[in-house]
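Close look at the chain arrangement
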Amino acid sequence: MNFIASSKKLPYSEFMLEMLNNLEHYDVHGIAVVAFIGDETLNGYWQMDLADKERARDAIDHDCIDEFIRNNLDRFRALLDDEWFDGYYGDR
């Protein structure tokens, strides 16, 4: 079990503690942290080289694609049901 000591009760403290506790179950080889501070971005890396940072970027990109599809699923379903779509793209 991990403990985070802070003089302030910050809204992200519980999230950080939960992540640390979850990481205990794995053989962690690298960690990336990205925080938004106003218009600035604060990045921190532990044991990550360029290839690892590219993997982290790809993981976030895939999460964005998944969330975009979930948020637009009704629109995509309607498009697939559209007769115009069938005529334009042929049989599915």
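Presented here is a report on the structure given in the accompanying data block. Note that the coordinates shown come from a computational prediction; the quantities given were computed from them, not determined experimentally.

Along the protein, the regular secondary structure elements total 4 helices and 2 strands. Starting at the N terminus, the α and β elements of the protein follow one another as α-β-β-α-α-α. Taken across its 92 residues, the protein has 4% of its residues classed as buried. If you take every contact in the protein between residues at least 6 apart in sequence, the share linking residues at least 24 apart comes to 0%.

It is worth spelling out the packing of helix α2 (residues 50-71) against helix α3 (residues 73-81) at this point. Look at α2 against α3: their axes get within 4 Å of each other, and the N-to-C directions meet at 65°. The orientation of α2 relative to α3 falls into the category roughly perpendicular. For the pair α2 and α3, contact is made by F68, I69, R70 and N71 and by L73, R75 and F76, respectively. Of the residues assigned to the contact of α2 with α3, the class counts are 4 nonpolar, 1 polar and 2 charged.

Calculation rules
- Residues numbered from 1 in each chain as written.
- Predicted model: local features only at pLDDT ≥ 70, side-chain atom pairs only at ≥ 80, totals over all residues.
- Heavy atoms only, no water.
- Helix = DSSP H or I, 4+ residues; strand = E, 2+ residues; numbered from the N terminus.
- Buried < 20%, exposed > 50% of the residue type's maximum accessible area, 1.4 Å probe, protein only.
- Contact = heavy atoms within 4.5 Å.
- Axes fitted to C-alpha atoms, helices over the stretch in contact; angles between N-to-C directions.
- Parallel < 35°, antiparallel > 145°, perpendicular 65-115°, else oblique.
- Nonpolar A, V, L, I, M, F, W, Y, C, P; charged D, E, K, R; others polar.

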